[in-house]
Structure formats: structure tokens, C-alpha cells
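Report on the structure
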Amino acid sequence: MPHENKLLPICKRIMPDEMSRPLIRERGEGARHLEDSVADRSAPVIGILGTGDFSRSLARRLVASGYQVVVGSRTPKIFVALFPEEVEVTTQLEAANKADLCFIAVYPEHHSTLVELKPALAGKTLVDVSNSLRINQNGPSNAELLADYFPESSVVKGFNTISAWTLQMGPRDGGRQVFLCSNSQKAKNTVKAICHRMGFIPIDMGLLSSSLEIENLPLYLFPSWRLPLLCTLFLFIFFYLYNFIRDVLQPYVMEGKKAFYKMPIEVVNATLPSVTLVMLALVYLPGVFAAILQLWSGTKYNRFPNWLDRWLTSRKQLGLCSFLCAVLHAVYSLCLPLRKSARFKLVNMAYKQVKAGVDDSWVDEEVWRMELYLSVGIMALGLLCLLAVTSLPSVANTINWREFSFIQSTLGYCALFMATAHTLLYGWNRAFDLRQYRFNMPPTFVLVLVLPFLVLLSRLALCVPCAAGRLMKVRRGWERSRHIRFTLPAEGCHNGLEDVSNV
Amino acid sequence: MPHENKLLPICKRIMPDEMSRPLIRERGEGARHLEDSVADRSAPVIGILGTGDFSRSLARRLVASGYQVVVGSRTPKIFVALFPEEVEVTTQLEAANKADLCFIAVYPEHHSTLVELKPALAGKTLVDVSNSLRINQNGPSNAELLADYFPESSVVKGFNTISAWTLQMGPRDGGRQVFLCSNSQKAKNTVKAICHRMGFIPIDMGLLSSSLEIENLPLYLFPSWRLPLLCTLFLFIFFYLYNFIRDVLQPYVMEGKKAFYKMPIEVVNATLPSVTLVMLALVYLPGVFAAILQLWSGTKYNRFPNWLDRWLTSRKQLGLCSFLCAVLHAVYSLCLPLRKSARFKLVNMAYKQVKAGVDDSWVDEEVWRMELYLSVGIMALGLLCLLAVTSLPSVANTINWREFSFIQSTLGYCALFMATAHTLLYGWNRAFDLRQYRFNMPPTFVLVLVLPFLVLLSRLALCVPCAAGRLMKVRRGWERSRHIRFTLPAEGCHNGLEDVSNV
Amino acid sequence: MPHENKLLPICKRIMPDEMSRPLIRERGEGARHLEDSVADRSAPVIGILGTGDFSRSLARRLVASGYQVVVGSRTPKIFVALFPEEVEVTTQLEAANKADLCFIAVYPEHHSTLVELKPALAGKTLVDVSNSLRINQNGPSNAELLADYFPESSVVKGFNTISAWTLQMGPRDGGRQVFLCSNSQKAKNTVKAICHRMGFIPIDMGLLSSSLEIENLPLYLFPSWRLPLLCTLFLFIFFYLYNFIRDVLQPYVMEGKKAFYKMPIEVVNATLPSVTLVMLALVYLPGVFAAILQLWSGTKYNRFPNWLDRWLTSRKQLGLCSFLCAVLHAVYSLCLPLRKSARFKLVNMAYKQVKAGVDDSWVDEEVWRMELYLSVGIMALGLLCLLAVTSLPSVANTINWREFSFIQSTLGYCALFMATAHTLLYGWNRAFDLRQYRFNMPPTFVLVLVLPFLVLLSRLALCVPCAAGRLMKVRRGWERSRHIRFTLPAEGCHNGLEDVSNV
């Protein structure tokens, strides 16, 4: 499942020769070339230094957008065949002289080799498209180093998040944003105009000091998922060990029962719902904190503490981790009757019943407990599925703010309530059964229920009219402590209700 | 899972300080500010009256798009710190005087307080960005009221569907449409140009009388889902009661058997497939009606009756409801052997077999029936999953019309056929077993099969060459009764085959 | 689930009368008309010949984009009511005379009837929007035929992939690309400008010889899925027969046991995991081939052989087919304990145990084997689900290249490893049990494991430092045989690492 996936399938059909990875294209067929459009003679002449894949794709796209392109190479004769006909491939010096603006498409470790072009590039805009091989935390960035080499040119950082592939195939919905930064507003504006003409959306990131950030962008590996995944992992390990001690170790130590076969499935399946419920509570806990903070400070214009801010922005990821655990719990549970161990137990049970001569082993309470917690569990899972589906970007885009908030907040709380009810029904009256406190450890579900109860009760408390009314006022812009209180109702504005209204 | 979800995750990383909810930003850091671009002195000066969240985000975006922005506040000194440096924050009167065009970003209930600005705003364009708190069915809209206050200005309604958040982060794929309406074409054109420059797509909704509609847009709560959900709910309740009477009440009344434990799972699981199949038939029934109507009237240019039109546009939602029930049915079914009740029954069965001394209780017919209806059921579910996945907006966008129609129409009918076969195999010969007619009520599957049979047979009838040929002619633009029949084949056009061809 | 699905639901609410399929609209209401914008008198006058659905939607959109539109009909009086007020409906000749550029929106089989307009259209640009009814492999295309009829006009092919529906509702994210081709660069540029103004993205496909390709585009039916689906089908049939012979036929022939009831579920369920694992290996095999080829040829600039190229581009589809089989395997497996046959067997087992008087039938090895392969299987399925979700276009668009490659390559290999381990654990020691070689046919899992082992071992071999280092060098642009080797490190560029780095 390679990178072609990221493109609309339609392209696969119409541009088969563009698709083949080696970029050398057959010429002279006449049909189907991107570079067919004539160059616009009034547009700036654009130079590209470097002849790698990115350089070639960039040249192709620039030509297709009507620019005159000149490529600078150390060995122009060898590389001329790799570029479209309309592109002039010449020496680096000539390219630097001819171009009004220059893309620097050589590896950053070779930027220093370009110093001889300094006079030719003086006063011109240089666009640094380079990436690092690994995340650079401290700087200086490639672009800042380039700016040091060429103090008389204006360096713009950008296009590094765009792949050669995207350049060649044309911008698609997903890869249309080009992050730009520069110390020269004029140079940035020129590059913005080129972006627009190529079909990309330039995003202004400010001064060149942001270039480090921009260079790191394509190197990130799910930064927003790190904490939620760590949190899931930690909870999983904790509950796994807890359940292992209670369900496997205790019977072995106390009664000599070997139940180690439970480790791959049964203990995991006892752990997953615990993780699910705690994570789900963690999704809604920060919203409760935020509401309390706003009520307490009497304004929504105070910044939240950093930890809360970070937590609030991780809610989606926490929720999806919780959903993943819930689905795995469902699959593991459904696998239970499949197992040989379940079948052996059943047959042995039948054997014992026959030996004991019991006509009917039916226990009504146990039947009811299981029917109830299963059915509530299925409903909770269904609601979580809905939440997960509306988290898909394409679905989220088709619904308005009120619908989104209804699903993520109202239905989300329903899911939390259902999951809590599922756990309560599962527990039944066993929290009060002393035999369940093996090694003096309370049953897992008792531990698990603490956080959800806390969240649900706080939410209820925030629904009490006096709290709810005040919270709504605060969120519409009202402030307790400000002197301008009297003017605010007239000046706050309608969409303010969005801010953390999804507690 | 809050509203940040609606943004591309990339933004979360690069603009952490933009992300934090309180909108007061630290200044002077230099790096990473949207408002870095210089204002275009030839562009109109844009005023914003009001200083709430929306006002601030709008100012930021306008500055980033190169506009000169002046904000009018009653207490400009207090609010100046909340706006980007490039924005002039002054009194309302001065802002109204300086601006060529004015955004009105105060709560609609305070529009009247602006009346003193009337002379300053005369002849200028006012953009009303306000929303209502609840759906307003009868009007007048906020924009119409504003137009009444300022008869000498041109009022344009718009931007209310855009959140402060979207404004601040820049337009993303999902939230790029700005719905506009105004009685002045010139004012509308100016605002359209501003939209384009800010990266939004203006959508012209006509005269100011459409403003009510536009104001209601962000307040809708799944209007297209209301009927399909009600329909699902009604069918669910009906079939649940029907099954409850047959499976729980009748055994209790007639034989005194207490089977109330069946209520949470078994009765639900008998109800869900019934709802699924009836809903699936309801997806394809209106297409059949439409085809018959077209055949009967001999033209495709007649308007369908309103009920049919509404039904046709609800097919996607009906289908997804049906799919939801199918998935729940699968999950409930898979849970059956998990339950304590199933285990007790099995053990009791073994006990009875031992007591009776029967070597082998195998009944070949029952085994075959179950293997067959399970396997057909899985296939039906698989097809429904395919239909659901291709209903996702992002998947639907990557396939062409013919592919979409193949999946939704051809595979859809296959799914309906499979689901019908699943029900038939489940029924086996029990429709003819009088003992199944408890309380004289026919088994549920008999009731359920009526509608699918009707749809499948009508579809078959429409495939008969004479009907199919004529239908195709009608859909290509041919008309029986029109006098211009002789000219149509030359003038109808190719894409006409789309219209209801998905019967 | 009809074609309205492809539109944002928001439209459904705001334009109910635009939604109704018959295109005759009520007039005079004032509110909500797209064509409200005034025509731009400096823009070219656009003619449309033909009055079908497409013509009407096109006219509406052109008017909304500010163009002056004149429609040519044979019977203008009859059709005038079907067009917006701003459109002039007149005779074909007058329309051809008035227009600066003409859309030809009549069925291609009637192109010849337009020949009388030749003088009027001479020197003008004609846009052919027609589609064929079936895929035309050999040409000439409709557009080429039209160009033959009008040698003095410039024919541009385009807009045929846009539906009347999309035209009418305005371009949405999915349907914004207009593929264009023409022999006249000037004519193409004019049409490109019109595209831009209508909100579409023109995609230049070169000369008119590409028109056949463009005309075929909307007629394709999942061309990229054909081979992967055929491959899946072939593997399914092969393994089904193999399992049928081993599990059903052999017991019947050798021992007279009738196990035909296994055909719908058990044999299918033994077949599905085999297909899954082989398909998954086929996803990663071409990447290994490509890496070996690159190592062997010492360059990445050689074109891969066609079969490999095609295989590489089919990996996503192969992977999704494999995922589908995996999910079906899971569902079938979970259904096993549901079946009557499983219950009969269990009860008979209990009966036998009672007769034999065995206290405990527990076999520890069998229990462990099943617990282990189930749990590894669930993990493999979980990983495959992750891969499938990130294959969704909207999700793939939100992650950067490194993240995509991590999921599809690293996690993909993990999934392959897990699935192989699942199969190995399932096999346990039965590969060495001669009784398993019924009819001398090795157990299915032995056959299945060959390919995954091959892929995993080759991948390991490519990770050996000397191979890995060299491969990385090749992919950064280094070449063994080229004379320009010394210049390349400085000129290759950063994003080259994308090319087949996902082996």
C-alpha cells in the first residue's frame, strides 16, 4: 500500500506513464503532456538549482503553470534529457544569472558549494525547499544557514512539505498547503503568488525563525498521538498486572490452580474494558476542569494552564484510543465461546450435572445479569462507533457545528454513561462480596468506576441551573472582574458559544 | 472529542499558541504570525463593529489577506490589546467613518444600539454575520431587521456559517463555503471578492429574503436524518412488540413459561433483522415508483410528487439506518453463545440426552438450515458494508458516476436479494407450520418478506425488454406527449442518464 | 442511495427546489437563485448548442459565473421556459453567430446535423462535452469526429466528466477537476479561464489525441480493482477446492463420513485465511523485487518492467482485498459456535464423556494452542484495520509522508508477521503429523506459509547493513554506472526518498 494511494485513482488511469516511478519520460508522443501550456513571458523567470527528483517535478509543474524555467546543473548535458523540453538546462552560474527567483533544490549539506553564485544571486529571492533527515530541535535550520551564506538575497523557506509526487501530479485536496516563512515580506509575497498560480494554498508562517518548525513538519511521527498512546499503554500494563495477580496468581498461590492459559485472552479481555472506560472518562474530564476554571475565574479570556490546554487538544486521540480498546474488547469477548477451554469447561459442567443428577442448572439471577450487561455494552459500543465515524475528517466536514457538538458532547456523555452502566451491571453485587477481595485487592471494576463516576457527577453538578446559567454567560463573553462588563453583551459575538461549550 | 477535530492535525503542531482557546496572544515573539503580510493600500478599508471572538478572528484573517482593518468599539482602549498590531481599534463612529465596508459583529439584539452610526454608514455595504440562538421559522431575519435600521446602506448576509475558529486557522477543505445574499448585486459582488481573497468560496443565495434560511443553517440538527430515524424507530417498536407478544407473552400466558430474560437480547435480536430488511426495501421502493411514474407519464420532465421527491432524497439515510441495524443484528447474534442462558440450555440439553440415552442428537435438516442462512447472512452483511463504505464522502469522491451507480444500484439490489434469501432460509418451511401461528400471529419473517418481494418483483418487471427500453428512452430525454418529440433526440444530452437511473 | 449522496448535505437543505430532479424551476419567487449575478459584459459570449439537462445546468452555472449565455435550439420557443431568465434561447444559427465560444451539448450521433453551422462557427472554439455510451478502445473519439466536421474551428474536449448535477449545484470538493485537451493552445487557455471562473480546476491533458482517453474516463468500472479482484477470486477458488477435497471429499471417500454440511461455512472459513495471508504477502512481494532490482542495477532511474510497475501500483487494492478476506474470516470464525452443528457436537461430546466416565476432558496443549493463535490473530486483524483506515482518502490526507510510510510499511510488515505467526500457531506441530496428509495433500497452512516466509526473509536480508546502506544510497540518487556519479550527491534532492522506499 504505497504512496500512490494518496492520489485520486482517476490519475492512475489517465497518466500511466507519469505514474511509473523512474521519472525519465518518453518524448515526442504528442499526447498528454502537462507542460503543454505556453509560458507567460511577463511572469518572472524561475531558476532551479539542482537536478534531483524534486527539481524535475518542480520544473514540470512550473512549466505547466506557465512559467519560464531555467535549471542549473554542474553537468547540464547529462541532465537535459530528464527535464521537459520547455525547460532550459544550463550551468548553475547561467541559471543563477538568468533567473529572477531561484529554487535551491540541492541537499542542504551541499548548500556551501553554491557560494560561488553569490554575486549572481544577490538581491534575488531564494526558496529553500530542503528537508532534514531527522528532527532538528535546536537549530539553526537549513534555511537560516542558507541565509547566512547569501546575506544579500532574500531567503524564503517553503515547499518542503510537498512531495515530488504531489508536484508532478498536480495539487490534490490533501496536499495543497505550502507553509512559507521569510524575513522579507516582498519575497514572501512573490512566492505566495507563484504558489497560487501552481494551485497550492500558501500559509504564511511569519519570519525565517519559523523555518526550523517548517523543516521539522514532514519528520513528525504522530506527535499528537504520543501522549494518548502512552497513557493507553500505561493503563493497559497496570490493569493487566492487576488482573493477572487477581485471576491467575492468586488462585495459583492460594489453591494451586493453574490458570496460566488465561493470560493471552481472558486476562487481556478483563483489562481492555477497564482501559476503555478510564480513557473515556479522561476524554470528558478536562472539559469539566475547564468549565470549573471558567466559573471560578469568572471569564473565558484567561488562558488555561498548559497541561489543561494540552489535555483539551488531545481529547480526540484519547477518544479514539478508548474506542480501539472497546472494539478489541468486543472481539475478544466474542472469541470466548470459540475457545477449546470454553468447550472443555462446558462439557465438564454437563458431566458434573449428570453425576449430581440435577435436572436444571438454570440460575435466573446470573442469566439476567449477563443479558443486561451484554445488551448495555452493545449499546455503548454502538454509540462509540458513531463518535468514531464522525471523527473521520470527511464526515466531520459535512456536518455543522451544532451537529458535531451534539454527537461529540451529548452522545459522548451517553456513551460514557452506558459504558459505566455496563460495568455496574457486570459488577452486580460482587463489590460487596468479600470473597472477591482476593489478596485484599478490590475487584477491577471497583477501581475502574471511580473516574467515570467523578466525571458524570461533576457534569450533573454543572447542569444545575445556577451553574449552567452562569457558565453560559461566561461563554458568551461576560466577565465578572472586568470593568468593561457593561459593554460586553453588546460587543461579544455570536460564535463565542463554540469555546469549550463541549464539556 | 471537541471542535479542534475538524481541523487538519498539521495545524495543531505548528500553531500551538493559536490553538489555545483564550484568544489573547503573546506579542513580540516575531515568529509565526498570520498577520505578517502587508496591507494592500488599493483594497477597500474594512471596518468591523464589535470586539468579540468572531470580530478578532475576522480582523486577523482580513489582515492576513492584505486588507486594512479598522475595528469600532465602545471602549477601544480596553480592547486594543486583543487585536493584531496592524488593526486600528477606535471608536465605533470613527470606524464607521473610515471604513468603505463594515462587518456588523455585535449580537443581533444590540443592532439597535448602532442606529447612531446611520449617517456614517449611509451608502456603504454592511455585512451581517450574526446567528440566532434558535431556529427562526417565520422571520424577519436579523439581516432584514438590520436592513430596516439602515435603509440607506446595502446589507449583505453572510459568514455566519463560518466559525471564529475557521476564520482564525484559515479556510480548510470542509469549511470553505460562505453563503451570501443581498438585495444589492453590487454590494454582494464586493463581498464575493473579499471572500475569494480570504480563501473562501462565496455561494450566491440571491435576495435578502434568503437570509432567514442562511441564519438557520448552523442551527439545523440533522434535518435529513429526522424522517429515516423516525421510520427506523417506528419499525423497531412495532416489531419489538410483535416479537415480544409471540416469543415472551404467548408462552407465559399459554404455558406459564417465564421467558422474560429474552427481552434485552433475544427479542431485540429478532427485531433488528426485520427492521433491516424492511428499511432496505424502503431504500429501493421509491426508485421503482419513480420509474413507473416516468413510464406512465412518458416523460422525465414532470415533477415527482413531493412525498416521492423527499423519499428519493432520503435513500442514503434510510440505507445507513438499515446498515446500522444489520451490524447490530450481527453483534447481537454473535453474543448469543456467550450468554449464561445459552450455556445453561446446552448443559441441560446434554443432561436430557444422557437421561434419554440417545447416542447422537444430530438433525441434518436443522444443521443445513442454519449453515445456509448464516452464510447467506454474512454475504448480505458484507455487501451492505461495501455500500456503507462507498457512502463515505471521501470514498464517494474518488469514484466516477458509473462506479457509484454500480455499487449503489447493482450491488445494492444484490444485498437486498441476499438479505431476502437469508430471511427465507431462516424461515425454511416454518411458514407452513401451524404451531408457529401463536395467537394467530404469523411468524415475523412472513410479515417482513412482503415489501422486499414487492420491490424485487417490480424491479424484475422493469427489466423486461419492452419496459426497460422505453424507460431508457424516457431517461435520455424522449417524451411521449410533447410535440417537439422529433427534435429531442438531437438535443437531449449525454448526462441525462443520471436522473433516477439508479432505480 | 442515489447520486445526491455525492453532495454535501448542506445543499439539500438550502436548495430544495433545485434538488427536485425535473429541472423546470418555478420563476418569480425572487429568493434563492443562482443566476442572480449580473453578466460581465467584457467576458466572451458563450453559446450552447443543445437543450438537454447538461445544457441547462451548464447555462445556469455560466450565468452564475457572470457570463452572457446564448442557447441554440431547433425549437427555441418550446425550450425557453426551461432556462434561466438571463439566458437567451434562440435558433442554432443565431446562437452560433452571436457566441464567441460554443459548447456542443448534443448527442454525438447528431454532431453531423450541426454541419450547416460551419460558416458561423469558423474560427471559433468548440467545446465538445459529449460522452460515449460504452468504452471506445480504438477511436476516433467524438471530439476528433467533431474536429473533422469543423476543420476551421478549434475543438476542445472537456467537461464530460462533470455531471449535470455537479454543474447545477456548483463544484464540490470531489468533482472539481475538468480534464481538457485540444490541438489549439489558445482555445485551451480560453476554456481554462472559463473553468477557473466557474470554480473548477482545469487539468491539461495535451493534444486532441487524448480526447479518447477523456471520453472513456466516466465509463471505467474500477479498472484498478480488476486484477486484484481476479487474483483474490482465483486464490479463493483454488483454496476452496483444496480444502473441500481434504475436509469433505476425503472423509467421504475413505470413511464414508458425510460432512457436506461443512461446505457453506467451515470450508469457506478455512479458505479465507489462506487467501488473506497469500494476498498480504503479494502486497509486499513487489516492493522486495523492486529493491532487489534497484540494488542489482545500481540505480533508481531505470524503469521497472511493466509487470512490476503494474503490481506496485496495485498494492493498495491487493491490501484491501486481503483485509476484506481477513474480516470475513473473523466473522465466519465468530459464527462457528452459533451453529446448530457446533451445539450438537458439544452435546454429543458431553454424552460420550459421561458414557466413558471421564471426570475431566481438559487437554492443556490444545487449550494453549487455541488461546495463542486466537490472540495473535486478533492482533493481526487489529493492525490490518489500522492499515485499512489510513487507506481512506480523507485520513491519508491528514498525515504526512513519514507517518503514512510508518503505517503502511512498518505496521504493514508487523501485520504480515502477525498473520504468519497466527498461521504457524494454528498449524502447531501438525505439519509433521502424517495423518494430516490426506490423499497425500499437505495441510493447507503449509502451502499458505511459503510466500509470507519468502517475503519476510527477503525483507530481513535487505535489512542487513551492507544491503540497506547501498539501497539507501541508490534511493537518494546515487548511481553505480553513471559517469556523473561525483556530481549526484550534491544534486539529488531530498524528497527522492519517497520512491519505492516503502518496500
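Residue positions are given per chain, counted from 1 along the sequence in the order it is written. All chains are assigned letters beginning at A, and all ligands numbers beginning at 1, according to the order in which they are written. The model is predicted, so local features are restricted to residues of pLDDT at least 70 and side-chain atom pairs to those at 80 or more, both for listing and for counting; the totals for chains, interfaces and linings are taken over all residues. Where side-chain values are given, they derive from all heavy atoms of the structure, hydrogens and water being excluded.

Right, let's get into the confidence of the model for chain A. Residues and elements named next belong to chain A. Averaged over every residue, the pLDDT of chain A is 82; residues scoring 70 or more account for 85%. The predictor rates its confidence in each residue with pLDDT, a number between 0 and 100. Contacts are assigned to residue pairs with any non-hydrogen atoms lying within 4.5 Å of each other. Considering only residues more than four positions removed or in separate chains, one finds that residues 1-40, a stretch of pLDDT under 50, has 149 contacts. Confidence over residues 483-503 falls short of pLDDT 50; this stretch has 83 contacts with residues more than four positions distant or in other chains. Note on the complex model: pTM 0.84, ipTM 0.82.

Here we take up the sheet that holds strand E3 (residues 88-91) of chain B. All names here are of chain B. The strand order E3-E2-E1-E4-E5-E6-E7-E8 describes an open sheet built from 8 strands, whose pairing is mixed. The outermost strands of the open sheet, each flanked by one partner alone, are E3 and strand E8 (201-204). Across this sheet, the average inter-strand angle for adjacent strands is 30°, counted without regard to direction. Two strands are said to pair when DSSP picks up at least two bridges between them. Labels follow the DSSP assignment, with helices taken as runs of H or I lasting at least four residues and strands as runs of E lasting at least two, numbered in each case from the N terminus. Examined bridge by bridge, strand E4 (residues 101-104) and strand E5 (residues 125-128) share 4 bridges and lie parallel to one another. Its bridge partner lying in E5, Phe 103 is registered against Val 127. Interaxial angles span 0 to 180 degrees and are taken between N-to-C directions of axes, which are lines fitted to C-alpha atoms, for helices over the stretch in contact.

This part is about the packing of helix H12 (residues 263-297) of chain B against helix H18 (residues 401-427) of chain B. Residues and elements named next belong to chain B. Between H12 and H18, whose axes approach to 10 Å, the crossing angle comes to 140°. The angle between H12 and H18 places the two elements in the oblique class. You can see that H12 and H18 cross each other, and the crossing is left-handed. Mapping the contact onto sequence places Leu 277, Leu 280, Ala 281, Tyr 284 and Val 288 in H12 and Gln 408, Gly 412, Tyr 413, Ala 415, Leu 416, Ala 419, Thr 420 and Thr 423 in H18. Here roughly perpendicular refers to angles of 65 to 115 degrees, roughly parallel to angles under 35, roughly antiparallel to angles over 145, and oblique to all remaining angles. Definitions for this section: a left-handed crossing has its near helix turned counterclockwise from the far helix by less than a right angle. A right-handed crossing has that turn clockwise.

Attention shifts here to the pattern of salt bridges. In the sections that follow, a salt bridge refers to a side-chain nitrogen of Lys or Arg positioned within 4 Å of a carboxyl oxygen of Asp or Glu. Taken as a whole, this structure holds 33 salt bridges over all chains when the rule is applied. Its salt-bridge partner being Asp 433 of chain A, residue Arg 435 of chain A comes within 3.1 Å of it at the nearest N-O pair. Arg 435 of chain A sits in the exposed class, given a relative accessible area of 68%. Relative accessible area decides the class of each residue, using a 1.4 Å probe on protein chains only: under 20% of the type maximum gives buried, over 50% gives exposed, and in between gives partly exposed. Accessibility expressed as a relative area gives 21% for Asp 433 of chain A, which makes it partly exposed. Among the ionic pairs, Arg 339 of chain C bridges to Glu 371 of chain B, the shortest N-O distance being 3.1 Å. Of this pair, Arg 339 of chain C sits in the loop between helix H14 (315-335) and helix H15 (340-356) while Glu 371 of chain B is found in helix H16 (residues 364-391), placing the two residues in two different chains. For Arg 339 of chain C, a relative accessible area of 5% puts it in the buried group. Classification of Glu 371 of chain B by relative accessible area gives buried; the value is 0%. Each of Glu 88, Glu 94 and Lys 98 of chain A takes part in a single network of salt bridges with overlapping partners.

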